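This is what each chain is made of:
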Amino acid sequence: MDWSKTKTIFIIVFLILDIFLLFLFIRKYEDSQLETIGDLSTTERLADENVTLGELPDVEDSQPYLNAEFYRFMSADLQELEGQNATIREGQILESVLTEPVAIENPENPEEVTELFADYVLNGEQYTFWEYDEEDNQLRYFQTHDDLPLYYNLNAQIAVQLNENNEAISYEQTYLTSFEEFTEEQELREPRVVLETFYDRNLIQPNSTATDLKLGYYPLFVQESGGDTEAVATQVLTPTWKMTIENEDGSRNELFMNAVDGSIYDMSQVDLDFEQLEEDDETAE
């Protein structure tokens, strides 16, 4: 018997056995880690990844659904407008060209347009600045109701067009009117629940902080009413949370949730182009 060969075989066998046992150990360890993570509550995982709620303002406990009518502009409205040439498209869109351009010092905070709205825009005081769209060189404003913004609502916005010199030269406007509150108020989701839901959907990075929570409204659906008379288009609006998240690198992103049923809205998919209203009218015809 060649003892040298036999010893070599035993060494190889034991080496293979050790590798196999090590593999089993690693597999069992990983499984146990996954089970531990799975057993952690969302609150514990938030703490583990340092995701926190900053100092948020007092928020409402409940809020009703709203119903509002699409406003149809009339020729009488145009007579009230000064320093501009305005026309009406499809009844719902007021389009106006300013007689004199208005210089905008800072498109990210266009204070000059606030004064313009107060003097030259129908119900201009009911709109709040939302964003500067650098790609289209536009300032976008959302209509408000009781100081609550109507988020990403094609039928309740103003888009102010700037020229290459950052001067406001024209705008387009839509407007909602005849707001009515539903009788029953809806219980709203609490800030902690909102944060946890966003986190569970992988929308929040580690080491992030929720720095702001703002209530507004977002459209649920459109309906038409009216019998023998002209149909009136109305919109049902639901209370909606906007949560601002500050990331570790200093960047910010805004997340939106139906404050009643917890549905998450992807606002990047919302088309706010006024041409959508014209296409809808053509489809209805």
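Described in the following lines is the structure provided in the data block. (Residues numbered from 1 in each chain as written. Predicted model: local features only at pLDDT ≥ 70, side-chain atom pairs only at ≥ 80, totals over all residues. Heavy atoms only, no water.)

**Observations regarding the nonpolar core**
So the rule is basically this: The criterion is simple. A nonpolar core is a set of buried Ala, Val, Leu, Ile, Met, Phe, Trp, Tyr and Cys residues joined through side-chain atoms within 4.5 Å. In this scheme, a residue with accessible area under 20% of its type's maximum is buried, one over 50% is exposed, and one in between is partly exposed, where area comes from a 1.4 Å probe on protein chains only. Every residue pair with non-hydrogen atoms within 4.5 Å of one another is taken to be in contact.
Membership of the largest hydrophobic core comes to 28 residues, with the highest contact counts inside it found for Leu195 and Met243. Apart from the residues within four sequence positions on either side, Met243 is in contact with Leu53, Pro191, Val194, Leu195, Phe198, Ala210, Asp212, Leu213, Asn253, Glu254 and Leu255. Ala86, Val121, Tyr132 and Leu139 belong to the second largest nonpolar core, which has 21 residues in total.

**Describing the side chain of Thr238**
Test applied: Segments assigned H or I by DSSP are reported as helices when at least four residues long, segments assigned E as strands when at least two residues long, and all are numbered from the N terminus. Contacts described as polar in this section are N or O atom pairs within 3.5 Å, which, within protein, must combine one atom able to donate a hydrogen with one able to accept it, while residues neighboring in sequence count only if both atoms come from side chains.
Secondary-structure assignment places Thr238 in strand β12 (residues 232-246). At a separation of 3.4 Å, a polar atom in the side chain of Thr238 contacts the side chain of Asn258. Apart from residues no more than four positions distant in its own chain, Thr238 is found in contact with Tyr65, Gly216, Tyr217, Tyr218, Leu220, Asn258, Val260 and Tyr265.

**Notes on a negative patch on the surface**
Rules: For patches, a residue must show more than 30% relative accessible area and have no salt bridge; joins then use 9 Å for like charges and 5 Å for nonpolar side chains, namely Val, Leu, Ile, Met, Phe, Trp and Tyr. All accessibility values rest on the Shrake-Rupley procedure with a 1.4 Å probe; residue burial counts only the protein chains present in the view. Here, a salt bridge means any Lys or Arg side-chain nitrogen found within 4 Å of an Asp or Glu carboxyl oxygen. Counted as positive: Lys and Arg. Counted as negative: Asp and Glu. His and the chain ends are not counted at all. Note that the charge is assigned to NZ on lysines, CZ on arginines, CG on aspartates and CD on glutamates.
Side chains of Glu60, Asp61, Asp146, Asp147, Glu181, Glu185, Glu187 and Glu190 sit close together on the surface and give a patch of like negative charge. You can see Asp61 is positioned in the loop between β1 (52-53) and β2 (62-70). Look at Asp61 and you get exposed, because its relative accessible area is 62%.

**Remarks on helix α5 (residues 191-200)**
Counting buried residues along α5, seven of its ten residues qualify, which places the element largely inside the surrounding structure. All buried positions along α5 are accounted for by Pro191, Val194, Leu195, Glu196, Thr197, Phe198 and Tyr199.

**As for the pattern of salt bridges**
Opposite charge on two side chains permits pairing when their charged atoms draw close. For the structure shown, the criterion picks out six salt bridges. Glu172 is paired through a salt bridge with Arg89; the nearest N and O atoms lie 2.8 Å apart. Of this pair, Glu172 sits in strand β9 (residues 167-173) while Arg89 sits in strand β3 (residues 84-89), and the two are 83 residues apart along the sequence. Glu172 sits in the buried class, given a relative accessible area of 18%. For Arg89, a relative accessible area of 17% puts it in the buried group.

**Notes on the environment of Tyr71**
Mapped onto the fold, Tyr71 is located in the loop between β2 and α3 (75-79). Put simply, Tyr71 and Gln92 are 21 residues apart on the chain and 6.3 Å apart in space, counted from C-alpha to C-alpha. Setting aside its immediate chain neighbours within four residues, Tyr71 contacts Asp77, Gly91, Gln92, Tyr175 and Thr177. In terms of polar contacts, Tyr71 uses its side chain to reach the side chain of Asp77, at 2.9 Å.

**A look at unusual backbone geometry**
The phi torsion at Asn50 lies on the positive side, around 60 degrees, for a residue other than glycine. A positive phi angle is found at Glu90, which is not glycine, with a value near 55 degrees. Here Glu90 lies in the loop between β3 and β4 (93-103). Glu90 gets classed as partly exposed once you look at its relative accessible area, which sits at 33%.

**Things to note about the packing of aromatic side chains**
Applied cut-off: The criterion for an aromatic pair is that two Phe, Tyr or Trp rings (for Trp, the six-membered ring) have centres within 6.5 Å, with stacked assigned to planes under 30 degrees apart, edge-to-face to planes over 60 apart and tilted to the rest.
All told, the structure shown has 14 aromatic pairs when counted by the stated rule. Look at Tyr71 and Phe73: their rings are 5.2 Å apart centre to centre, the planes differ by 85 degrees, and that puts the pair in the edge-to-face class. Arranged with centres 5.7 Å apart and planes meeting at 85 degrees, the rings of Tyr152 and Phe256 form a pair that is edge-to-face. In this pair, Tyr152 sits in the loop between β7 (148-149) and β8 (157-162) while Phe256 sits in strand β13 (residues 252-258), placing the two residues 104 residues apart along the sequence. Considered together, Tyr152 and Phe256 belong to a single accessibility category, that of buried residues. Feature note: the residues Trp130, Phe142, Tyr151, Tyr152 and Phe256 constitute an aromatic cluster, connected by ring pairs.

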